[in-house]
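# What the coordinates show
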Amino acid sequence: MNLLLAFIPISLLLEYAFHAPPLWVFGASTVAIIPLADWLRKATEQVAARAGQTIGGLLNVTFGNLAELIIAIFVLLAGNAAVVKAQITGSIIGNGLLGLGLAILIGSFGRSRQKFSGQNAGQLNSMLFLVVVALLLPALFDLTERLPAFAAGSAAARNNLDEYLSLGVAVVLILVYGLNLVYTLVTHKDVFALEEEEHQGQLWPVWKAAAVLLGATAFIALESEMLSGALDASSAALGLSPFFLGIIVLAVVGNFAEYIAGSYFARQGKIGLAINIAVGATIQVALFTAPLLVIISYLIGKPMNLVFSSPLELVAIVAVALIVTTVTKDGEATWFEGVMLIAVYLLLALAFYFVTPSETQSSGAHRKTLPAQMGVRVQDKADTPFMPNPAPVSWLT
């Protein structure tokens, strides 16, 4: 992981000294964020170890998804709200499917099954279904307002209603997440206590942990600024939409450290802690990071609502809640359940690769074409002659 820190100076030289093509800058910045996120996690754990479980939980909320939050803010500043929402969806399915699947699969080597607290898993699963309701509601509200019996006076009026509802939902979700922390870390901490990592080695001095937190945050902000500036040009060069880059690439980069941590604990036999990291990170993104981004978007003058206009994103979020609940409800996990979680993630990734957002949904998006040697041509739904960039029909219109 630390070898990847070399990409920090490489990315800076590519951007400011050599003025390299945006794709090079995008790639170097993406890789550079991965070890920075891991150091951010280490410093947070050091501070949390000194502060105790309750304060440590709050610190993990604050810094756990900080890398992802910073990336999203810079993408918002660039005017790509649709990419940010794709990043939110990607984090939810990445943590819940890929992160958990890897942890279960890696932890199962040499073990027939792994057991964990069903009570804690039940609490996490209940929160997942709250995530489903919270993220489905704005999209269904927007659809309802488009029906003749409920139609708003104009598109602008409907957009205002979407924004007001999203702000209200954001406030409620942040409050619920805060109360969930009080419930699991204070009033019922004995019920939800997990096998915790015993800190290995000597704790860092406070000044070192604080310096790493500040330094990693500053460098992540710098790399995120370069990454967001190169996003559209890189998507065009790769033939991928910014939507796909947000939902797969940026989401994985922002959460890569959590995948490593979950897999590490699972390999050590602490599958309950690994599940808490993977599913807890999924819940944290939906109930804390996403609502916080909505509020921040208004403060920076780039308003973003919580209306996910793609039904594919909504199906993916529902799929996460259903399959994670199915896998964890019996309090034990086997390697094949890890395979199933990863398989669902790969299927969704394929769908997101081939889907074609319009430029209004994903700025700079381009239709992906299959290699000519495959002999495949894409025909639109109306059987019109093949065009290289047909405009897809929005499911809401």
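This write-up is about the structure you can find in this document.

Calculation rules
As a convention, each chain's residues are numbered from 1 in the sequence order in which they are written. For this predicted model, a pLDDT threshold of at least 70 governs which residues receive local features, and a threshold of 80 or more governs which side-chain atom pairs are given and counted, while totals over whole chains, interfaces and linings are taken from all residues. Computation of side-chain values covers all heavy atoms of the structure but excludes hydrogens and water. Axes here mean lines fitted to C-alpha atoms, for a helix over just the part in contact, with angles spanning 0 to 180 degrees between N-to-C directions. Labels follow the DSSP assignment, with helices taken as runs of H or I lasting at least four residues and strands as runs of E lasting at least two, numbered in each case from the N terminus. With respect to orientation, any angle under 35 degrees is reported as roughly parallel, any angle over 145 as roughly antiparallel, any angle of 65 to 115 as roughly perpendicular, and every other angle as oblique. Crossings are classed by handedness, with left-handed meaning an anticlockwise turn of the near helix from the far one by less than a right angle and right-handed meaning a clockwise turn. We call two residues in contact whenever any of their non-hydrogen atoms come within 4.5 Å of each other. Three categories are distinguished: nonpolar for Ala, Val, Leu, Ile, Met, Phe, Trp, Tyr, Cys and Pro, charged for Asp, Glu, Lys and Arg, and polar for the others, with Gly belonging to the last. What goes into a patch is any residue over 30% in relative accessible area without a salt bridge, connected to like charges within 9 Å or, for nonpolar side chains (Val, Leu, Ile, Met, Phe, Trp, Tyr), within 5 Å. In short, Shrake-Rupley with a 1.4 Å probe defines the accessible areas, and a residue's cover is counted only from the protein chains shown. One speaks of a salt bridge when a side-chain nitrogen belonging to Lys or Arg is within 4 Å of a carboxyl oxygen belonging to Asp or Glu. Only centres within 6.5 Å qualify two rings of Phe, Tyr or Trp (six-membered ring in Trp) as a pair; their planes then separate them into stacked at under 30 degrees, edge-to-face at over 60, and tilted for everything else. In this scheme, a residue with accessible area under 20% of its type's maximum is buried, one over 50% is exposed, and one in between is partly exposed, where area comes from a 1.4 Å probe on protein chains only. Sitting over a ring, as applied to charges here, requires NZ of Lys or CZ of Arg to be within 6 Å of the ring centre and within 35 degrees of the ring normal.

## A few points about the packing of helix α4 (residues 66-77) against helix α5 (residues 81-107)
Running from N to C, α4 and α5 point in directions that differ by 160 degrees, and their axes come no closer than 8 Å. As far as their axial angle goes, α5 and α4 are roughly antiparallel. Relative to α5, α4 is oriented so that their crossing is right-handed. Touching E68, I71, A72, V75 and L76 of α4 are A81, V83, V84, Q87 and S91, all from α5. When grouped by side-chain class, the residues that make up the contact of α4 with α5 number seven nonpolar, two polar and one charged.

## Thoughts on a nonpolar patch on the surface
Judged by side-chain polarity, W335, F336, V339 and M340 come together as a nonpolar surface patch covering roughly 380 Å² of accessible area. Looking at the element boundaries, F336 is found in helix α13 (residues 335-354).

## Points about the packing of aromatic side chains
Under the criterion given, the structure shown has seven aromatic pairs. Ring centres of Y264 and F265 lie 5.5 Å apart, and the angle between their planes is 65 degrees; this geometry places the pair in the edge-to-face category. In this structure Y264 comes out as partly exposed when scored by relative accessible area, which is 44%. Three or more aromatic residues joined by ring pairs form one cluster here, namely F244, Y353 and F354. Directly above the aromatic system of W39 lies the positively charged group of K42, at a separation of 4.3 Å from the ring centroid.

## Overview of unusual backbone geometry
For H19, which is not glycine, the phi torsion reads 50 degrees and is therefore positive. Assignment of secondary structure puts H19 in the loop between α1 (7-17) and α2 (22-51). Taking the relative accessible area as the measure of exposure, H19 reaches 61% and is therefore exposed.

## Describing the packing of α4 against helix α8 (residues 206-229)
Contact pair α4 / α8: the axes reach a minimum separation of 8 Å and the direction vectors enclose 40 degrees. Handedness of the crossing formed by α4 with α8: right-handed. For the pair α4 and α8, the contacting residues are L66, A67, I70, I71, F74 and V75 in the first and T217, I220, A221, S224, E225, L227 and S228 in the second. Within the contact of α4 with α8, the residues separate by chemical class into nine nonpolar, three polar and one charged.

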